[in-house]
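# Architecture and fold: a report
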Amino acid sequence: MSSCVTTDNYKYWSFFFDGVPDPSVSDNKDDQDVDSVAQVLVVDNTNKKPSIVKHVPFAEDACNSCHDQNNMGGYVAKQPDLCYQCHDDFGEAKEYLHGPVQGGYCSNCHQPHKSKHEKLLVMESDALCLECHEQSNIESVDFHADLESFGCTDCHDPHGGSSRKFMAIGSCVNCHGSFADEYKFVHGPVAAGYCNTCHSVHSGGEGVALRRQGQQLCLYCHDKGQVMKNENHEGIEDFACTECHNPHGGEDRFILN
Ligand code: HEC
Ligand code: HEC
Ligand code: HEC
Ligand code: HEC
Ligand code: HEC
Ligand code: HEC
Ligand code: HEC
Ligand code: HEC
Ligand code: HEC
């Protein structure tokens, strides 16, 4: 795994000098609260330079919330606890944590002070992912062969999630719309957002890119013996289940076409 920190000395010291307190900023606490909200959005408006977003505690000169005043070069806590002083612990909300999050390497991806990239990222998000994940490995996964128009975080949560590949909640329906608007009854796996149990999309392949063909698509989850007991299924051996059932949903629980 390569390090993702590309900080060079120039950036370090420009951080430092930009962090010098602005004497015109009021010491009044109430004013500061208002300022702090505004400062997340402090933007350099000249068109030549990229916008800079400052981290609130840095902008507020709350240097001591991270740096140990009594120990030059030391911190008040190690990451991730350093960050969890103020941010929710991802480990509490997510079942699976992304490797570098688990390891507490927050600053592999985030600048602690300020950044010209959204969310204080050390670089543009997709490039960041590809610092550690080989593009060729990614592209060998059928979902990823044709990624040009997609950002990694359109589908993956960078911190973790309820599945091993950290699919961002609602990632598919964000773009495709929810079938709940379309159907009175939504098929179990569709309602649960497990789109990829049936689809292997964005492969550059044809059409809806199903993972399995014919009845196998459905019998991956439904027990054949059980299904064939139903009198409505007599003589269907040569039919695809989707001849009669809509894979996403329908007007009643049997999701018939
Ligand atoms: C949110 C926590 C946080 C806050 C607030 C913060 N820093 Fe930092 N600072 C860090 C971290 C983490 C690093 C190490 C970054 C790295 O390794 O890429 C760092 C690095 C530095 C460095 C580089 C030298 C070194 O120690 O390696 C200086 C100088 C510095 N900070 C000064 C400041 C000043 C001045 C402020 C207040 C205006 C401040 N920091 C506020 C977390 C913070
Ligand atoms: C002293 C409190 C404090 C500490 C410590 C702290 N943060 Fe923050 N951070 C904030 C506040 C306040 C905001 C702005 C409000 C928000 O988004 O929650 C913020 C926002 C952020 C954002 C979103 C920025 C944006 O542009 O939307 C990121 C990313 C972030 N922090 C990462 C970190 C990381 C990584 C660390 C540890 C190195 C850390 N924070 C430590 C207080 C803190
Ligand atoms: C692998 C890279 C990576 C690591 C490691 C990482 N983050 Fe992030 N983080 C991101 C990205 C990418 C975003 C922006 C997500 C988006 O825009 O959808 C983000 C967004 C955030 C935000 C803004 C709120 C939000 O959810 O959009 C906070 C706060 C934050 N991260 C804190 C942390 C803390 C604390 C750690 C360490 C425990 C950490 N991050 C580790 C990549 C990372
Ligand atoms: C600092 C290095 C680093 C960065 C940056 C990084 N990852 Fe990871 N990622 C890892 C490690 C380490 C693992 C766990 C080891 C593994 O399973 O490959 C992992 C695992 C994953 C997994 C699960 C893989 C599996 O097979 O279970 C996904 C999905 C993932 N990362 C997506 C992303 C995305 C999206 C980004 C950008 C937001 C990103 N990663 C940025 C290091 C990184
Ligand atoms: C259109 C949605 C989508 C986008 C965009 C996307 N992914 Fe994925 N990714 C997936 C799905 C779905 C899987 C497989 C999940 C499964 O099989 O459980 C996956 C799997 C992975 C894995 C695990 C690979 C393995 O060998 O199993 C990694 C790592 C990963 N993605 C990283 C990335 C990175 C980096 C990007 C951006 C360059 C990205 N993904 C963009 C949907 C997406
Ligand atoms: C960032 C937006 C975005 C995300 C996220 C996304 N898709 Fe797509 N998807 C598209 C676009 C754009 C197309 C191609 C245009 C079209 O046919 O609708 C497409 C095509 C498809 C197709 C083929 C549709 C057809 O009519 O041929 C399927 C199936 C599909 N996506 C399923 C998924 C699944 C499953 C996920 C979650 C893993 C997902 N998509 C995530 C935007 C997205
Ligand atoms: C049980 C398997 C299954 C699941 C789960 C599933 N799909 Fe499909 N999907 C199909 C089949 C089969 C087709 C082809 C339908 C046809 O040809 O009439 C399809 C077609 C599509 C299409 C093409 C346009 C359309 O509506 O026919 C899109 C887009 C799509 N699915 C997105 C999704 C998304 C998003 C999810 C998750 C919310 C999802 N699918 C879950 C089986 C499934
Ligand atoms: C990823 C697993 C999965 C796949 C693949 C799958 N299903 Fe389902 N199916 C479910 C789950 C889960 C339920 C909900 C069961 C419940 O609510 O009791 C369900 C419910 C149903 C029901 C309603 C059953 C009832 O008694 O209410 C029908 C009909 C159905 N599926 C047909 C299909 C067809 C046709 C396909 C193929 C296009 C298919 N399923 C593929 C998991 C799956
Ligand atoms: C010729 C049309 C037809 C085909 C083909 C078909 N079904 Fe059905 N299926 C039905 C009808 C009709 C019902 C029952 C509706 C009722 O009881 O009112 C049904 C009910 C079901 C049920 C819920 C009741 C039960 O027996 O558990 C499931 C699950 C199901 N089908 C799955 C499948 C699967 C999987 C396939 C493909 C192997 C398939 N169906 C193929 C017409 C069909």
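Heads up: the structure comes first, above all this text.
A short tour of the structure in this document, coming up. These figures come from a predicted structure and were not determined experimentally.

### A short note on the site of ligand 9
Taken together, 15 residues lie near ligand 9, and Asn230, His233, Cys241, Cys244 and His245 sit nearest. Between Asn230 and ligand 9, the recorded distance is 2.9 Å, taken from a side-chain N or O atom to an oxygen atom. Of the residues assigned to the shell around ligand 9, the class counts are nine nonpolar, six polar and no charged.

### Brief notes about the side chain of Ser171
Locating Ser171 in the fold gives a position in helix α11 (residues 171-176). Contact partners of Ser171, with chain neighbours within four places excluded, come to Asp154 and Cys155.

### What to know about the coordination of the iron atom of ligand 7
Around the iron atom of ligand 7, the protein contributes the donor atoms His199 (NE2) and His248 (NE2), which lie 2.0 Å from the metal centre. Seen from the iron atom of ligand 7, its six donor atoms lie at angles of 88 to 179 degrees, and the figure they make is octahedral. Taken together, the positions of His199 in the loop between α12 (188-191) and α13 (216-219) and His248 in the loop between α14 (224-229) and β6 (249-250) put the pair 49 residues apart, joining distant regions of the chain. On the basis of relative accessible area, His248 is assigned to the partly exposed category, the value being 21%.

### Quick word on the environment of Ala180
As for its placement among the helices and strands, Ala180 is situated in the loop between α11 and β5 (185-186). For Ala180, a relative accessible area of 49% gives the class partly exposed. Note: C-alpha distance between Ala180 and Gly249 (69 residues apart in sequence) is 8.3 Å.

### With respect to the site of ligand 4
Residues in close proximity to ligand 4 total 16 residues, the closest being His98, Cys129, Cys132, His133 and Lys165. Take His98: an N or O atom from its side chain is 2.7 Å from a nitrogen atom of ligand 4. Between ligand 4 and the protein, one listed contact pairs a nitrogen atom with a side-chain N or O atom of His133 at 2.8 Å. Secondary structure elements with two or more residues in the shell around ligand 4: α7 (106-109) and α8 (125-132). Of all the elements, α8 adds the most residues to the shell around ligand 4, at three residues.

### Some remarks on unusual backbone geometry
The step from Gln79 to Pro80 runs through a cis peptide bond, and the omega angle for that step is 5 degrees. If you trace the backbone, Pro80 turns up in the loop between α3 (56-59) and α4 (81-84). Despite not being glycine, Asp61 shows a phi value in the positive range, around 60 degrees. Residue Asp61 is classed as partly exposed on the basis of its relative accessible area, which comes to 32%. Of note in this structure, Lys119 is not a glycine but carries a positive phi near 55 degrees.

Conventions used here
Residues numbered from 1 in each chain as written. Chains lettered and ligands numbered in written order. Predicted model: local features only at pLDDT ≥ 70, side-chain atom pairs only at ≥ 80, totals over all residues. Heavy atoms only, no water. Near = heavy atom within 4 Å. Polar contact = N/O pair within 3.5 Å; in protein donor to acceptor, adjacent residues only side chain to side chain. Nonpolar A, V, L, I, M, F, W, Y, C, P; charged D, E, K, R; others polar. Helix = DSSP H or I, 4+ residues; strand = E, 2+ residues; numbered from the N terminus. Contact = heavy atoms within 4.5 Å. Donors = N, O, S within 2.8 Å, 3.2 Å for Na, K, Ca; no water. Tetrahedral: all angles 85-135°; square planar, octahedral: opposite > 155°, others 65-115°. Buried < 20%, exposed > 50% of the residue type's maximum accessible area, 1.4 Å probe, protein only.

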